[in-house]
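What follows is each chain in one-letter form.
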Amino acid sequence: MYDNNNIFAKIIRKEIPCDKIFEDDQVLFFNDINPKAKIHILAMPKTEVISFSDFINKSTPEEVDYFFKKIVEIVQKFNLDKTGYRLITNDGNDANQEVAHFHVHILGGENLSGLR
Ligand code: AMP
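A. Molecular detail of the site of the ligand. In the vicinity of the ligand there are 16 residues, among which Asp32, Asn90, Glu98, His103 and His105 approach most closely. Between an oxygen atom of the ligand and a main-chain N or O atom of valine 99, the distance comes to 2.9 Å. Notes on the ligand: free accessible area 510 Å², of which the protein chains cover 88%. If you list the elements that add at least two residues to the shell around the ligand, you get α1 (7-12) and β2 (27-31). In terms of residue class, the shell around the ligand is made up of 7 nonpolar, 7 polar and 2 charged.

Here you go:
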């Protein structure tokens, strides 16, 4: 069950600040507080979904399409489409998902070979 006290839910409700990159009524993008690369952006839908599978199962095709196309827009805004980048989403215990609100890590701005 979705716990609306998770930190990203609080950021979406503006109870906690974030270093915002982009926001509209459906999605929020902000910089990771502990960046693992020169560019480390977190992308998330604002709906109450815990993980990738939860997002896919509970969202309309339009919502899924909108979210991933917005990721592409931000990737292009930072020119990462030219230099390369990595998308990661951690889902569940074995992936060590820390925050139980679905999010995608966008990593780039440097060569990522040192990143495990
Ligand atoms: P995950 O393991 O995929 O759930 O990743 C959670 C990510 O959220 C980690 O990379 C954290 O550094 C990041 N994080 C946690 N709290 C904050 C916060 N208040 N603002 C920005 N990023 C955060």
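B. Local environment of the environment of alanine 37. Locating alanine 37 in the fold gives a position in the loop between β2 and β3 (39-45). On the basis of relative accessible area, alanine 37 is assigned to the buried category, the value being 7%. C-alpha of alanine 37 to C-alpha of lysine 70: the two residues are 33 residues apart in sequence and 21 Å apart in space. Ignoring any residue separated from it by four or fewer positions in sequence, one finds alanine 37 in contact with Leu107, Gly108, Glu110, Leu112 and Leu115.

C. A look at the pairing of β3. Of all 7 residues in β3, 7 are buried; the element is thus mostly enclosed. Neither face of β3 is open: one carries Ile39, Ile41, Ala43 and Pro45, the other His40, Leu42 and Met44, and all of them are buried. Direction of pairing for β2 relative to β3: antiparallel, over a ladder of 5 bridges. Considered in β3, the bridge of asparagine 31 is made with isoleucine 41. Taken together, the 5 bridges between β3 and strand β5 (residues 104-108) define a ladder with antiparallel strand orientation. Each bridged residue has a counterpart across the sheet, and for isoleucine 39 the counterpart in β5 is glycine 108.

Conventions used here
- Residues numbered from 1 in each chain as written.
- Predicted model: local features only at pLDDT ≥ 70, side-chain atom pairs only at ≥ 80, totals over all residues.
- Heavy atoms only, no water.
- Near = heavy atom within 4 Å.
- Polar contact = N/O pair within 3.5 Å; in protein donor to acceptor, adjacent residues only side chain to side chain.
- Areas by Shrake-Rupley, 256 points an atom, 1.4 Å probe, with all protein chains shown as cover.
- Helix = DSSP H or I, 4+ residues; strand = E, 2+ residues; numbered from the N terminus.
- Nonpolar A, V, L, I, M, F, W, Y, C, P; charged D, E, K, R; others polar.
- Buried < 20%, exposed > 50% of the residue type's maximum accessible area, 1.4 Å probe, protein only.
- Contact = heavy atoms within 4.5 Å.
- Pairing = 2+ DSSP bridges.

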